[in-house]
Amino acid sequence: MIVILIMALQETAVAQDGLRIGVPMGFPPFAYQAEGEREVRGYSVDVLEILAKELLVKPRYLVGRHEDLLKALKNHDLDLVIGIVSNESNRQEFDILEIFIYVKHYVFVHHCVDHTKSVDHSGVSLVVVRDQPFMAPDFFNQSENCIQARTIKDALMMVDSGQARQFIDYSDHLAAYLIGKYGLANVRQAGVKMGRFPFTMIIAKDNRALGSGLREALGQAIKSGQLDRVRDKWLGKSWASYIWQRFAPWFVLAALMLMSVVLFFLGWHMALKRKVTQVTGRLRTSEVRYRQLIESAPDMVFLVDRKGWIQLANHSASKRLLIPQDQLLLNRLQYLLVPDELGRFKIFWDRLFSDRIATLETRMRNFSGREISVELMAARLRGNTEEGDLACCFARDLTIRKMIEQELITSERLATIGKIAAGVAHEVNNPIGIILAHAEDLISGELNREESQESLTAIRRNALRAGSTIRALLDQATQAPAERVALDVAVLLEECLYFLKPRLKKTVVHQALDANTHWVTGDDNQLQQVFINLLLNAIESMGGEGKLKVSVATIDDKMNKANRICIEDSGKGILSDHLPHIFDPFFTRGKTQGNGLGLFVAERIVNNHNGRIFATASTLGGTAMIVDLPACTKAYVCKRVC
């Protein structure tokens, strides 16, 4: 890179017949004269040849010492002096034009071949050639310990003898020639440094036309690249080329690595872009499919936050509740329930966010006021923060299924009544026979007043007894609206055993029933149907003879108390392969009577009472049917009974 410092005013060049140029000698490659030749050669000469050609003049060179050349310029015997270091005095007396050129500095250092000799380097660290015309004035300030030699030969000899540590020159050819010629074995070229030197042109102040012309010619030479070619010829390539030559392998390696990284990231980017496009397409397709799945689901689907606000509802929810989808998003899920179910819903909701999943059978009310029986199944969505908990709720319409189940329960109840009718008939015939006998005595007229009164009392007592038995039978057959009341399970079981008393004549019955101890909330008719069905199954399993044990106990089921009803028999039991299927509808394997709906209906009734029913082996050798029903608190029993 070439930097031009212009230190004079611009004027138009004036053509001259010849340009007299003063040149200091002995400083290759800037200006020197080969042995046996009269022509002056070097970098300075070629530069002036280019400038003279631009000025349309012919250069003539005069060789001399610095002082003589400056004196001739002052006396107008020369037009121009080149290659002299300018100082403050010269700048005031002459017009100076400088070109700063970056060029290589060749460093030669002392390297002692004979290591037995000790050399003292404490005196001088650097030697240069005295009055070297192309050395920058501030160069000597870089080293505080610097001396000057008369010639390159003297400087190299000082380094060889150890008087100086290193010598710096602009040319390595002459130094290498002198080292070989004079056998300077202790001098070795240590390296190359980049530096800059001023190429100066000194002009008389009154020759403004020449100064202006030189500046214009110099500008044209720089633009055309001629000065760069001259520099490459004599001084080697520029500092950029030097750096390239020295560090080219590293540059190439870095470029290859950078290119590899760029190609890798470009390929990775393209692959990632294709992958993102594929994933985005799959996600879009998946989103459409999931949306279609949710919208096409026959069940009602709700996406609900922790406070119950509906964030999303599908088409089925809007259709069954008769509420537009946009209006559903303005409601909380609990607002859609029947008010009586809000207490159970709160328990369900708390369990959902503590256990992550919960179920509930409840009732909803649509926009027209019609109640819908539904089964809520909800689960918390994974990956949500505490502030953004969401739950997905599925609500299945059980209205039709509930009606079918109720019809099944009714039909099964009638079947159960048929089974116990024979025993009930015996219980009714006895009081009717007594009534008939007393009535015949009264009709005969043979009884006195006191005897007649006793007969009438017996008739009344037996009539009430028969009526009570028939009323109980009718209660079993009547489809009354289900009403949950507080029930004593022990009393309920005693009533069931009373109904089946004729079927238990050959059966030893053990009872562990404590009245006023085990209370539940439920429908007495439905629970009687369950227990009678289980008792009839036990009697059938024993063939009418054997041992039967009926007991009630209190157990702790997690956080809640429950009453466990256990009906055990000494019958033939249930095969282990059949146990998982005994509650399936129409499963009759191993039974001699019935259509396989008894245990199915019993399970539905128990589930509707928030309980559970299961079978296990009995200590009596047969089967034990276990029914767990939630226990009532004393406060609730007192409120409903007292």
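None of these values were measured; they are calculated from a predicted model.

Caption draft 1: Up close: the side chain of Asp-389. Tracing the chain through its elements places Asp-389 in the loop between β13 (371-380) and β14 (390-397). For Asp-389, the side chain forms a polar contact with the side chain of Arg-306, separated by 2.8 Å. Among the polar contacts made by the side chain of Asp-389, one reaches the side chain of Arg-380 at a distance of 3.3 Å.

Caption draft 2: Region of interest: a negative patch on the surface. A cluster of like negative charges, contributed by Glu-440, Asp-441, Glu-446, Glu-450, Glu-451 and Glu-454, occupies part of the molecular surface. Where the negative patch is concerned, the elements lending two or more residues are α12 (399-444) and α13 (449-477). The biggest single contributor to the negative patch is α13, with three residues. When you line up the elements, Asp-441 lands in helix α12.

Caption draft 3: A look at the sheet that holds β14. With respect to topology, five strands assemble into an open sheet ordered β11-β10-β14-β13-β12, the strand pairing being antiparallel. The sheet is open, and its two borders are formed by β11 (310-313) and β12 (357-365), each paired with just one other strand. Neighbour-to-neighbour, the strand axes of this sheet turn through a mean angle of 25°, independent of strand direction. Pairing analysis gives six bridges linking strand β10 (residues 300-305) to β14, with the strands arranged antiparallel. Pairing of Asp-305 across the sheet is with Leu-390, part of β14. Along the sheet, helix α11 (residues 342-355) contacts β10, β12, β13 and β14; its crossing angle with β12, the most-contacted strand, is approximately 150°.

Caption draft 4: Summary view of the pattern of salt bridges. On inspection of all chains with the given rule, the structure shows 18 salt bridges. For Asp-397, the salt bridge is made with Arg-320, and the minimal N-O distance between the two is 3.2 Å. Of this pair, Asp-397 sits in strand β14 while Arg-320 sits in helix α9 (residues 315-321), and the two are 77 residues apart along the sequence. By relative accessible area, which is 32% here, Arg-320 ends up partly exposed. Among the salt bridges present, the one from Arg-604 reaches Glu-361, with a minimum N-O distance of 3.8 Å. Of the two residues, Arg-604 sits in helix α16 (residues 598-608) while Glu-361 sits in strand β12, which places them 243 residues apart along the sequence. A residue is classified by how much of its surface remains accessible, and Glu-361, at 24% relative accessible area, is partly exposed. One network of salt bridges, in which partners are shared, links Glu-341, Arg-344, Arg-363, Arg-365 and Glu-371.

Caption draft 5: Quick peek at the side chain of Thr-200. Structurally, Thr-200 is set in strand β9 (residues 187-204). Excluding anything up to four places from it in sequence, Thr-200 contacts Val-81, Ile-82, Gly-83, Ile-84, Leu-97 and Glu-98.

Caption draft 6: Fine view of the nonpolar core. Core analysis: the largest hydrophobic core is formed by 39 residues, its most contacted members being Leu-493, Phe-531, Leu-534, Leu-535, Leu-548, Ile-565 and Ile-613. Put simply, the parts of the chain that give this core at least two residues each are α14 (489-499), α15 (524-542), β18 (546-557), β19 (560-569), α16, β20 (612-617) and β21 (623-630). Residue contributions to this core peak at 10 residues, all from α15. The contact partners of Phe-531, leaving out residues within four places of it in the chain, are Val-489, Leu-492, Leu-493, Cys-496, Ile-565 and Ile-567. Formed by 35 residues, the second largest nonpolar core is a distinct cluster that contains Val-57, Ile-82, Leu-97 and Phe-197.

Caption draft 7: Looking closely at helix α7 (residues 226-235). Among the residues of α7, Leu-227, Val-230, Arg-231, Trp-234 and Leu-235 are the ones counted as buried. Projected onto a plane normal to the axis of α7, the buried residues spread over an arc of 100° and lie on a single side. Summarising the geometry of α7, the exposed residues directed more than 90 degrees from the buried face are Arg-229 and Lys-233.

Caption draft 8: Molecular detail of the packing of helix α1 (residues 43-55) against helix α6 (residues 208-224). α6 packs onto α1 with a crossing angle of 110° between their chain directions and a minimal axis gap of 9 Å. One finds that α1 runs roughly perpendicular with respect to α6. Once α1 is placed against α6, the crossing between them reads as right-handed. Taking contact as the criterion, the partners of Ile-50, Leu-51, Glu-54 and Leu-55 in α1 are, on α6, Leu-210, Gly-213, Leu-214, Ala-217, Leu-218, Gln-220 and Ala-221. Classifying every residue of the contact of α1 with α6 gives eight nonpolar, two polar and one charged.

Caption draft 9: Examining the environment of Ala-217 more closely. Looking at where Ala-217 falls in the secondary structure, it is placed in helix α6. A sequence separation of 163 residues divides Ala-217 from Glu-54, and the C-alpha atoms of the two residues are 5.5 Å apart. Those residues within four positions of Ala-217 in sequence are excluded, and the remaining contacts are Leu-51, Glu-54 and Leu-55.

Caption draft 10: Structural context of the packing of aromatic side chains. One pass over the full model with this rule turns up eight aromatic pairs. Summarising the aromatic geometry, the rings of Phe-345 and Trp-349 are spaced 5.5 Å apart at their centres and angled 20° between planes, so their arrangement reads as stacked. Residue Phe-345 and its partner Trp-349 are both found in helix α11; the two are separated by four residues, about one turn of the helix. Across the pair, exposure class does not vary: Phe-345 and Trp-349 are buried alike. Ring centres of Trp-349 and Phe-353 lie 5.2 Å apart, and the angle between their planes is 65°; on these two criteria the pair is classed as edge-to-face. Of this pair, Trp-349 and Phe-353 both sit in helix α11, separated by four residues, roughly a single helical turn.

Caption draft 11: The packing of helix α4 (residues 152-161) against helix α5 (residues 173-182), seen in detail. Two elements in contact, α4 and α5, have axes separated by 10 Å at closest approach and are oriented at 60°. The angle between α4 and α5 places the two elements in the oblique class. Helix-helix and strand crossings are classified by hand; for α4 and α5 the assignment is right-handed. In this structure, α4 uses Ile-152, Lys-153, Leu-156 and Met-157 to contact α5, whose residues at the interface are Leu-174, Ala-175, Leu-178, Ile-179 and Tyr-182. A per-class count over the contact of α4 with α5 returns eight nonpolar, no polar and one charged.

Criteria and cut-off values
Residues numbered from 1 in each chain as written. Predicted model: local features only at pLDDT ≥ 70, side-chain atom pairs only at ≥ 80, totals over all residues. Heavy atoms only, no water. Helix = DSSP H or I, 4+ residues; strand = E, 2+ residues; numbered from the N terminus. Polar contact = N/O pair within 3.5 Å; in protein donor to acceptor, adjacent residues only side chain to side chain. Patch = residues over 30% accessible without salt bridge, like charges linked within 9 Å, V, L, I, M, F, W, Y side chains within 5 Å. Areas by Shrake-Rupley, 256 points an atom, 1.4 Å probe, with all protein chains shown as cover. Salt bridge = Lys/Arg side-chain N within 4 Å of Asp/Glu carboxyl O. Lys, Arg positive; Asp, Glu negative; His and termini not counted. Charge placed at Lys NZ, Arg CZ, Asp CG, Glu CD. Pairing = 2+ DSSP bridges. Axes fitted to C-alpha atoms, helices over the stretch in contact; angles between N-to-C directions. Contact = heavy atoms within 4.5 Å. Buried < 20%, exposed > 50% of the residue type's maximum accessible area, 1.4 Å probe, protein only. Core = buried A, V, L, I, M, F, W, Y, C linked by side-chain atoms within 4.5 Å. Arc of directions from axis to C-beta. Parallel < 35°, antiparallel > 145°, perpendicular 65-115°, else oblique. Left-handed = near helix turned anticlockwise from the far one by under 90°. Nonpolar A, V, L, I, M, F, W, Y, C, P; charged D, E, K, R; others polar. Phe/Tyr/Trp six-rings, centres within 6.5 Å; stacked < 30°, edge-to-face > 60°.

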